[in-house]
Amino acid sequence: MPCLAVVAAALIAPLPAWPAGGEEPPHPPPRVDAGQTASSQPSRDASAFARANDRILLMINRGEFEVAERRASQMLARAETAFGADDPAIIPGLNTLAMIYQQTGRLADAERTLNRALGLARRPDAGAETLADVLNRMANVLSDDGRLDQAEKATREAIEIGERIEESSTLAISLNNLGHILTALRRFDEADAVYRRAEGLTVANTALAAAMPANLAVQMMGQGRFAEAEQLLLRSVASWEKMAEPVVIAWATALLNLGRLHYETGRPDAASATFGRMLDALQQNVPDNHPLRAYALQNLSQISFDRRDFAEAERLAREALTIAGQSLPATKFEVADWYEALAQATLLQGEWNDAVAAARQAAAILSADINSGKSDKNDWEVLTIVEIVASEAMVTADPAGLIADAVAARRSAFLNLQRHAATDTGAVAVAAAARAAVGGTDLSNLVREKDHALARLREVDAAFVRAAGATSDPDARRVALGDLRSRLEALQSRLSAIDARLLTNFPQYLELAGGPPVPADRVIGMLADDEVLVLPVIMQNSLVTFAYGKDGGVYSWGRNPDEAAELPRIAATLLCQASRRLNPSCARTTETTSSQVSDAARGVVAFGRTQDTDEFDLGAAYRAYSLLFPGDLPEMMAGKKLIIAPSPELLGFPWHLLVTQPPPEGWDAPGKERAEAYREAAWLFQSHPSITVVPGVAALDAARRSRKEAGRTQPRYLGVADPVIGATAAERDAAPLDCASPETVALTRGKPVAVGARAGAEAGTLADVDALRRQPRLADSRCEVEATSKSLSGLSDLLLGGEATEARIKAISATGGLKAYDILHFATHGLVGGELGQAEPGLLLTPPAAASEDDDGVLTAQEIAALDIGADWVILSACNTAAGSRSDAEALAGLARSFFYAGARSLLVSSWPVYSQAATRFTTTMFALLSDQPSLTRGEAVTLTMRKMLAQSYSPETAHPAYWAPFLLVGDAGR
C-alpha cells in the first residue's frame, strides 16, 4: 500500500484582480475592426471586469472548473477587444485562466498562458508588483511540474522585486513560495527561516495569514517536528473556519495535512475523524467530484488497508478513482498511486485479474510521466510496487499463460528499484569510471570545471536564501539579493555552456556517466559463481529486497509498514552499541578510564566505559537480519560472497554485524560476561567469505568494467600517518614511538578536543591550526603504515610526522604522482562535518605554522575531490570515514564520496570512531594476510581479519564489536 495521498504545502499567489475603481492603465484607443461599430465594442471599465473576475474566482473556489473556464475565456476575449491583446490590462484575465488550467492539471496550458502574461508584465507600464505576481504564479506551475530549479529562479526574481518596491504582501507570497521549494528539496532549516520571515509580513485575518502556518507545518513535518506542526495546522484550520468566505481548497488542504500528521504519529482514529471533517467541509462548499474529495477518500482507504479491511479499502479506492476520472488528468501521479493501492487491496483479496488490471493502469500512467522526462523517486517507487503486484497476480491467475509476462514485470521492477535506490555516492563513482574510460585532460578539466561551478552555485544559492530570510538591515539585504541573483544567473549560464560543450565533444562520457540501471541478465553475467548481489531497499511503507546470483534471482516484499519503519531504528541502535556510543550522535555521560587496550581514538574520541550499558544487542542484530533477508534469500546467499547495494537509508548499515541465528536464551542476563557470547555469535561475516557494500548496482558495473589489467606483481603504496600534533608541546616534540613497545594511554571519552574551535564555520573557511595542533597524538599510526609497507616488499613511500602535510599531498597530486600509487593509506584523525568548527569532513594532517588556502592542516572532502588519484584501494584508518558530509547526509557522502570522485575504485572506511591500537592491528593483520595469501581478494582479507581478531579476543573490551568491527569495504572487492 502506498503512503497517504497528501497535498503538501501549496505555493501561494494572490487572486487575480483588475485595478479597482474603474482606473485604466494608459493605452491607445482600441482599434475598431471592419464591420464592428463603436457601440458594439465592450466597455473599457476595469471595474466591470473586476466584478466578473470575482464571480469566476468564486466558481474556482467551489470547484466549478468547467463553467469557470468558459466564463474566463469569454471575459479574456472581451478584455482583449476592449484594451488590446498586447495591453498589460489583460494580465488578470490571463492569470485567472492559468489558475483554472493549473487546478485541473493542464500545466502546459497554464505555463503557456503565464508566459504570455509574463511578456506583458515585463513592459515598463505594467508595474513591478504585477511582474512579481506573474512570477509567483509561474513558480507555482513550475513547482507542480517538478521543475523546482526553474521555480526557484522565478521566485528569486519575485523576491528581489518585493524587496525593492517594499510591498509586504507580494514579498510574503514570494518568500512563502521559496519556503515551499526549499521544503520540497528537503532544505528544512533554510525553509524554516524563510517561512518565519514571510509570516511576519502577513496581515492578520487574511487568507495569506491563514495559509502561512499550514505551509510552515508541512516543513516541520518533514523534519519530524510533529508537535509544533500540529499546533500550526490547528491554527490554520481555525482561521479558515472563522472566515465568511474561506478559500476552500486551502482549508481542505490544511485538514488533509492535519489528518496525515495524525496518521504518521500513530493516531489512525484521529486521522479518520479529521478526514471526515475535510469531507464535510468540501460537501458544503464544492461539487461532489472535486478532486480534494478523492484525496480524503484515498487516505481513508489507506487506514482501512492498515486495519486489514481490504474490502473497505477497495471500495474507498474505487470511489476516489471515480472522482479522479472526472476531475484530475489521467496522467497525474496521484492517480497512479491510487491505482497501486487498488491493486494491492484486490491482490490481498484474491481478485487476481482486478489486481493485474489496476497495476497495469498505474504502470501506464507512470510510464507516460517517466517518458516525459519528469520522473522522480516517487514514480520509481510506485512503479516498482505495481510491477511486483502484477507479477504476483499473474503467476497466481494464470501460471502457464502469464509466466513470461510475470518474469518481465519482475525484472522491470528490479530496474526501477535501482532508480529509486540511487545514491549520490553511486552517481559519483559511475561518473568517475566514465571519466577514466573516456580519458583525456580536456574532459577531466571540463568535468571539474562543471563540478566547481555547481559547488559555487550551491554556495551562492544558500547565501541568497540566508539573505532572503534575514530580518535586519533592509537596505543591505536589497543590495545583497540583487548581487546574489546576478551571480546565480551567471553561474547558470556558465553551466549551460559547459553542458553544451560536453554534449558536443564528449557524448560517450555523458552516456556512461548517466549510470542507467543494470538489467538482470547483465548482473548475472558479471557475477562470479561464488557471488550474490543483494539490493535491499526501504520504501515508505514496505521493504523490498532483490538478490541475483549466477543461477538467477529471488525477491522478497515485506508489506508491513511497521517493519519498514523499524529497520532504520534498529540500524541506528546497533551502530551506537557497536561503537560503544563513541559517535557524537550517541553521546551520553561518560567517565575516564585507563587500560592496556585503551588508546587514543582516530576520531579524536577516546576509549572509555559509559555509566549506562552499551553492550551490543545480539537479539536486535538477529531481528534486523530476519527483516532484511526473509523467505528464500538466506538459502540463495548461503556460503557466497555478498555484494550489497542498499538504498540510501541503509548505506551506512553495519551489515557484517547482523546475526543469522537467535542468541541463546539468557545470553544477556544481568552480570553475565558478554565476551563469550560475542565470540560464539552467528555473525553474518562468519558464514560468508566476504561482505562488500557498493553504492549502487551501476557503480558495481562501472567498477567491474574499469578493472585494471594485471600489471605489477606488487602494488605501489603510499602511507600517511603520525601528524605532528599533541595535547602538549612535549607530546608533539616526543620521539617517534617504539613500535615494539606500545604505551598505555589514559583516555577520555567525548567529542573532539574543542580548544579554540570555531563553531558554525562555512565551507572554504580556514581551519584553526592551534586547535588542530592540540589534538591527541596518534603515535602508533606510524607503526601501522610502517608494518604495512614492509608487507608490500618495498614498493612503498611514507609521509610521516612533519612530512604528513596537506601541501605535500597536493603537490604530489599536481605532478601526477598520486596516480602512480595502487594503495593510499591514511592513518590519522578523521573529522566529521561540524567537528572542530569544520563545515565539511576531512583528514587531520600536520598543521602549518599559519593557515593558508594551500595548507590549513585539514585535507577536506572538497580538497580530496580535487586530487588526481588512480588507486585500486584507499585505506581510511580514521574516525567515521563512512559518515556523510553532515549529520543528516547520506552515509558515504563525505570523505568516501570525495575519494571515489578523485578516482579510487574501493575504500576501507570506518563506521564509527576507531581505537587507534585496534586500527593498527586490523590493517597490519589484513596486509599480512594479503602478503601470505596472494590469491585473496580485498573483501576476503577484510573478513578474515575480523574473524582472526574476534577469535583472539581475550577480554570483554577486545571481544566487543567496537574493537574489531568498525571497518567496511566499499566498492570493488577484487584483488
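Residues numbered from 1 in each chain as written. Predicted model: local features only at pLDDT ≥ 70, side-chain atom pairs only at ≥ 80, totals over all residues. Heavy atoms only, no water.

With respect to the overall build of the chain
When its secondary structure is counted, the chain shows 38 helices and 16 strands. In the chain, which comprises 975 residues, the share counted as buried stands at 56%. Counting only contacts in the chain whose residues sit at least 6 apart along the sequence, the fraction spanning at least 24 positions is 75%. Of the accessible surface of the chain, which amounts to about 38300 Å², a share of 51% is contributed by carbon and sulfur atoms. (Helix = DSSP H or I, 4+ residues; strand = E, 2+ residues; numbered from the N terminus. Buried < 20%, exposed > 50% of the residue type's maximum accessible area, 1.4 Å probe, protein only. Contact = heavy atoms within 4.5 Å. Areas by Shrake-Rupley, 256 points an atom, 1.4 Å probe, with all protein chains shown as cover.)

So, the confidence of the model for the chain
Residues of the chain with pLDDT of at least 70 account for 85%, and the chain-wide mean is 81. Considering only residues more than four positions removed or in separate chains, one finds that residues 588–613, a stretch of pLDDT under 50, has 101 contacts. (pLDDT = per-residue confidence, 0-100.)

Some thoughts on the pattern of salt bridges
Applying the stated rule across the entire model yields 52 salt bridges. Between aspartate 475 and arginine 478 there is a salt bridge, with its nearest N and O atoms 2.3 Å apart. One end of the pair, aspartate 475, and the other, arginine 478, are both in helix α21 (residues 474–505), 3 residues apart, so they sit about a helical turn from each other. The network of salt bridges with shared partners includes Glu152, Arg156, Arg187, Glu190 and Asp461. (Salt bridge = Lys/Arg side-chain N within 4 Å of Asp/Glu carboxyl O.)

A closer look at the nonpolar core
Ranked by internal contacts, the top residues of the largest apolar core, which has 245 residues, are Phe546, Trp655, Trp683, Trp873 and Phe899. Ranked by the residues each element gives to this core, the list is headed by helix α20 (residues 441–469), at 11 residues. In this structure, Leu57, Ala68, Ile100 and Ala139 belong to the second largest nonpolar core, which totals 44 residues. (Core = buried A, V, L, I, M, F, W, Y, C linked by side-chain atoms within 4.5 Å.)

Description of empty space enclosed by the protein
This model, assessed by the stated rule, comprises 2 cavities of 30 Å³ or more. Quantified by volume, the largest cavity comes out at close to 60 Å³. Lining the largest cavity, in full, are His656, Ile691, Val942, Thr943, Met946, Phe967, Leu968 and Leu969. Secondary-structure elements contributing two or more residues to the lining of the largest cavity are α36 (938–951) and β16 (967–971). In terms of residue class, the lining of the largest cavity is made up of 6 nonpolar, 2 polar and no charged. (1 Å grid on protein atoms, 1.4 Å probe; cavity = no way out; pocket = protein on both sides within 12 Å on 5 of 7 lines; lining within 4 Å. Points joined across faces, edges and corners; volume = space filled by probe spheres on them. Nonpolar A, V, L, I, M, F, W, Y, C, P; charged D, E, K, R; others polar.)

Quick word on unusual backbone geometry
The backbone of arginine 308 sits at a positive phi, close to 65 degrees, despite the residue not being glycine. Within the secondary structure, arginine 308 is located in the loop between α13 (291–306) and α14 (310–327). Notably, aspartate 722 is not glycine yet its phi reads approximately 50 degrees, a positive angle. Structurally, aspartate 722 can be placed in strand β7 (residues 717–723). Classification of aspartate 722 by relative accessible area gives buried; the value is 1%.

Examining a positive patch on the surface
A cluster of basic residues, Arg51, Arg55, Arg70, Arg71 and Arg78, forms a positive patch on the protein surface. Put simply, the parts of the chain that give the positive patch at least two residues each are α1 (46–61) and α2 (65–83). No other element matches the 3 residues that α2 contributes to the positive patch. Residue position: arginine 55 is located in helix α1. (Patch = residues over 30% accessible without salt bridge, like charges linked within 9 Å, V, L, I, M, F, W, Y side chains within 5 Å. Lys, Arg positive; Asp, Glu negative; His and termini not counted. Charge placed at Lys NZ, Arg CZ, Asp CG, Glu CD.)

Side note on the sheet that holds strand β5 (residues 641–644)
Ordered in space as β3-β2-β1-β5-β6-β16-β15-β14-β10-β7-β9, the 11 strands form an open sheet in which the pairing is mixed. Looking at strand neighbours, the two that pair on one side only are β3 (552–558) and β9 (796–801), the edges of this open sheet. Averaged over all neighbouring strand pairs, the angle between strand axes comes to 20 degrees, with direction disregarded. By the bridge criterion, 5 bridges tie β7 to strand β10 (residues 823–827) in an arrangement that is parallel. Across the sheet, leucine 718 pairs through a bridge with leucine 824, a residue of β10. (Pairing = 2+ DSSP bridges. Axes fitted to C-alpha atoms, helices over the stretch in contact; angles between N-to-C directions.)

Details of α13
Along an α-helix, residues three or four apart share an orientation, since each turn contains 3.6 residues. With 16 residues, α13 ought to run about 22 Å at 1.5 Å a step, and its terminal C-alpha atoms sit 23 Å apart, in line with that. Most of α13 sits inside the fold, with 15 of its 16 residues counted as buried. (Expected span 1.5 Å × (residues − 1).)

Quick word on helix α17 (residues 377–397)
The end-to-end C-alpha distance of α17 is 30 Å, a good match for the 30 Å that 21 residues give at a rise of 1.5 Å each. Counting buried positions along α17 yields 15 of 21 residues, so the element is predominantly enclosed.

Notes on the packing of helix α6 (residues 148–165) against helix α7 (residues 168–184)
The contact between α6 and α7 brings their axes to 9 Å, and the two run at 155 degrees. Taken together, the axes of α6 and α7 are roughly antiparallel relative to one another. The way α6 lies across α7 gives a crossing that is left-handed. Every residue of α7 that contacts α6 at Leu148, Ala151, Glu152, Thr155, Ala158, Ile159, Gly162 and Glu163 is listed here: Thr170, Leu171, Ser174, Leu175, Asn177, Leu178, Ile181 and Ala184. The residue makeup of the contact of α6 with α7, split by class, is 9 nonpolar, 5 polar and 2 charged. (Parallel < 35°, antiparallel > 145°, perpendicular 65-115°, else oblique. Left-handed = near helix turned anticlockwise from the far one by under 90°.)

Quick notes on the pairing of strand β14 (residues 873–877)
Among the 5 residues in β14, 5 count as buried, and that is most of the element. The pairing of β10 with β14 spans 5 bridges and is parallel. Within β14, the position partnered with leucine 824 by the bridge is valine 874. The pairing of β14 with strand β15 (residues 906–910) spans 2 bridges and is parallel. Of the residues in β15, the one forming a bridge with valine 874 is leucine 907.

Things to note about the sheet that holds strand β11 (residues 830–831)
Paired through their backbone hydrogen bonds, the strands of a sheet run either parallel or antiparallel. Taken in spatial order, the 3 strands of this open sheet run β11-β12-β13, and their pairing is antiparallel. Of all the strands in the sheet, the pair left with one neighbour each is β11 and β13 (858–860). In the sheet, strand β12 (residues 842–844) pairs with β13 via 3 bridges, with the strands oriented antiparallel. Within the sheet, the bridge partner assigned to leucine 844 lies in β13 and is valine 858.

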